[in-house]
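# Observations on the three-dimensional arrangement
Listed here are the chains, written in short residue letters.
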Amino acid sequence: MSAPVLEVVVPVHCEERALPRAVAEVTAHLRTLPWTWRLTIADNASTDRTAEVAAGLAATHPGVRVLRLDRKGRGLALKAAWGASDADVLVYMDVDLSTDLRALLPLVAPLVSGHSDLAIGSRLSPTSRVRRGPRREVVSRSYNLLLRGALGVGFRDAQCGFKAVRADAARALLPLVEDDTWFFDTELLVLAERAGLRIHEVPVDWVDDPDSRVDVLRTAIDDLHGVRRLRRTLASGALPLAQVRAQARPHMALRATGTARAS
């Protein structure tokens with residue numbers, strides 16, 4: 001079976017209730033796109049029935065597979081799934097589907113064409129429509145302001161669970177990303193930007209999941225530690241960022257043809 005153009009990864013931990021709806025909606029949407037695709041459920045050490053539910057979904061939905069990990073961590077799941085993928089463009093989205101799936105086409109199209117190396121959904125774009133509580137709003141905006149001040153980043157929204165990367169860029173970047181948890185996103189983006197890779201931002205419509213299991217305060221504290229570590233690492237000049245840029249170039253259009261089917 002030929003490699004797909006897109007591989008969408010949904011990391012999960014104890015999400016037996018949310019997973020069936022997510023798989024149904026994502027696969028239905030993927031069938032509307034003009035590229036071949038695969039959907040991977042990356043189960044990080046769930047202790048409920050998630051593994052059983054995921055296996056059942058893979059058996060009944062063409063193009064869906066399951067990757068089982070014995071340790072928890074969103075970054076760890078993405079490293080494993082993206083690192084093993086043979087697709088041209090690697091995507092991830094959160095299982096709660098807080099981001100409107102209509103943003104998927106504008107997210108991946110610049111990567112398929114070769115225009116950009118990474119693409120991120122942005123809840124902080126002026127044209128984004130976002131519904132979330134004041135606490136998460138303040139934490140999110142404060143964190144992104146911190147990144148601009150401490151690391152001089154140019155992108156708006158580091159933590160939206162809706163991102164894509166070209167496989168060549170991922171192969172160059174993933175070995176340099178230390179974090180295996182929530183800071184993974186930020187570290188990947190900062191390294192990409194410092195290496196001179198092109199990051200495309202897509203305004204998204206986003207609705208907060210009231211059942212979210214993310215500990216906002218704990219995550220924010222961990223992210224602050226990550227920012228401090230990454231700042232020291234970048235200041236040391238030890239990272240081979242010039243090699244990252246060379247490995248991720250030249251830009252060529254990917255397999256942009258093919259029917260919208262699972263591969």
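The structure this text deals with has already been given above.
Residues numbered from 1 in each chain as written. Predicted model: local features only at pLDDT ≥ 70, side-chain atom pairs only at ≥ 80, totals over all residues. Heavy atoms only, no water.

Turning to the nonpolar core, a few remarks are in order. Of all hydrophobic cores here, the largest spans 44 residues; its most connected members are W82, L151 and L197. Of the residues forming this core, the biggest block, six residues, is contributed by helix α7 (residues 184–194). By size, the runner-up hydrophobic cluster in this structure holds 38 residues, among which are V12, L33, L39 and V53. (Core = buried A, V, L, I, M, F, W, Y, C linked by side-chain atoms within 4.5 Å. Buried < 20%, exposed > 50% of the residue type's maximum accessible area, 1.4 Å probe, protein only. Helix = DSSP H or I, 4+ residues; strand = E, 2+ residues; numbered from the N terminus.)

Relative orientation of the contacting elements helix α1 (residues 19–30) and helix α2 (residues 50–60) amounts to 25°, with a least axis distance of 10 Å. Taken together, α1 and α2 sit at an angle that is classed as roughly parallel. Both α1 and α2 take part in a crossing whose hand is right-handed. Only T50, V53, A54 and L57 of α2 make contact with α1, whose side of the interface consists of L19, P20 and V23. (Axes fitted to C-alpha atoms, helices over the stretch in contact; angles between N-to-C directions. Parallel < 35°, antiparallel > 145°, perpendicular 65-115°, else oblique. Left-handed = near helix turned anticlockwise from the far one by under 90°. Contact = heavy atoms within 4.5 Å.)

This brings us to helix α4 (residues 104–113). Within α4, burial applies to L104, L107, V108, P110, L111 and V112. Buried-residue contacts for α4 involve β1 (6–12), α1, β4 (89–93), β5 (118–122), β7 (162–166) and β8 (199–203). A positive phi of about 95° marks G114, the residue just after α4.

It is worth spelling out the pairing of β1 at this point. Most of β1 sits out of view: seven of its seven residues are buried. Of the two faces of β1, the one lined by L6, V8, V10 and V12 and the one lined by E7, V9 and P11 are each fully buried. Here β1 runs beside strand β2 (residues 37–44); their pairing, made up of seven bridges, is parallel. Pairing of V8 across the sheet is with L39, part of β2. The β-α-β motif built from β1, the intervening α1 and the parallel element β2 has right-handed crossover chirality. Direction of pairing for β1 relative to β4: parallel, over a ladder of four bridges. By the bridge assignment for β4, V9 is matched with Y92. (Pairing = 2+ DSSP bridges. Right-handed = clockwise from strand over helix to strand, strands pointing away.)

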